[in-house]
Amino acid sequence: MSLGTLQSDGIMNEVILPLPSQPKYGAELDKIRSEAYVDIITGKQPIDYFDTFVEKWRAAGGKTLEEEAAAR
């Protein structure tokens, strides 16, 4: 859920609340993301590995978080 207000200077002041399943999946998803980014940046994995990362991330709970975010 996002609670935001537009300030007089046109800047959005926003508070983003965690998704319900964030405590359950968040740490593992962060780990998967960090490892994939480092592996791609350092050349351990090719850029095409990003598609594999997305599949792993979604399978590890990311799909649930996507669905919860879309429902807001």
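To start, this report covers the structure provided alongside it.

Thoughts on helix α2 (residues 49-70)
- Taking 1.5 Å per residue as the helical rise, α2 with its 22 residues ought to reach 32 Å, whereas the 26 Å between its terminal C-alpha atoms falls clearly short.
- A bend of about 75 degrees at Gly 61 is the largest found in α2.
- In this structure, the buried residues of α2 make contact with α1 (22-41).

Brief notes about the packing of aromatic side chains
- Under the definition given, this model contains 2 aromatic pairs.
- Seen in terms of ring centroids, Tyr 37 and Phe 53 are 5.7 Å apart; in terms of plane orientation they differ by 65 degrees. Their pairing is edge-to-face. Residue Tyr 37 is located in helix α1, and its partner Phe 53 is located in helix α2; the two are separated by 16 residues in the primary sequence.
- Given a relative accessible area of 6%, Phe 53 falls into the buried group.
- Among the aromatic residues, ring-to-ring pairing joins Tyr 37, Phe 50 and Phe 53 into one connected group.

Here we look at the side chain of Asp 39
- With respect to the element layout, Asp 39 can be found in helix α1.
- The residues contacting Asp 39, other than those within four sequence positions of it, are Lys 44 and Gln 45.

Quick look at the side chain of Ser 21
- Mapping Ser 21 onto the fold places it in the loop between β2 (12-16) and α1.
- In terms of polar contacts, Ser 21 uses its side chain to reach the side chain of Glu 68, at 2.5 Å.
- Not counting residues up to four positions away in its chain, the partners in contact with Ser 21 are Gly 26, Thr 64, Leu 65 and Glu 68.

Here we look at α1
- Taking 1.5 Å per residue, 20 residues should reach 28 Å; α1 reaches 26 Å between its end C-alpha atoms and fits that length.
- Elements in contact with the buried residues of α1: α2.
- Phi for Gly 43, located one or two positions after α1, is positive at around 85 degrees.

Calculation notes
- Residues numbered from 1 in each chain as written.
- Predicted model: local features only at pLDDT ≥ 70, side-chain atom pairs only at ≥ 80, totals over all residues.
- Heavy atoms only, no water.
- Helix = DSSP H or I, 4+ residues; strand = E, 2+ residues; numbered from the N terminus.
- Expected span 1.5 Å × (residues − 1).
- Bend = angle between axes of the 7 residues up to and from the residue.
- Contact = heavy atoms within 4.5 Å.
- Phe/Tyr/Trp six-rings, centres within 6.5 Å; stacked < 30°, edge-to-face > 60°.
- Buried < 20%, exposed > 50% of the residue type's maximum accessible area, 1.4 Å probe, protein only.
- Polar contact = N/O pair within 3.5 Å; in protein donor to acceptor, adjacent residues only side chain to side chain.

Keep in mind that these numbers describe shape and distance, not what the molecule does.
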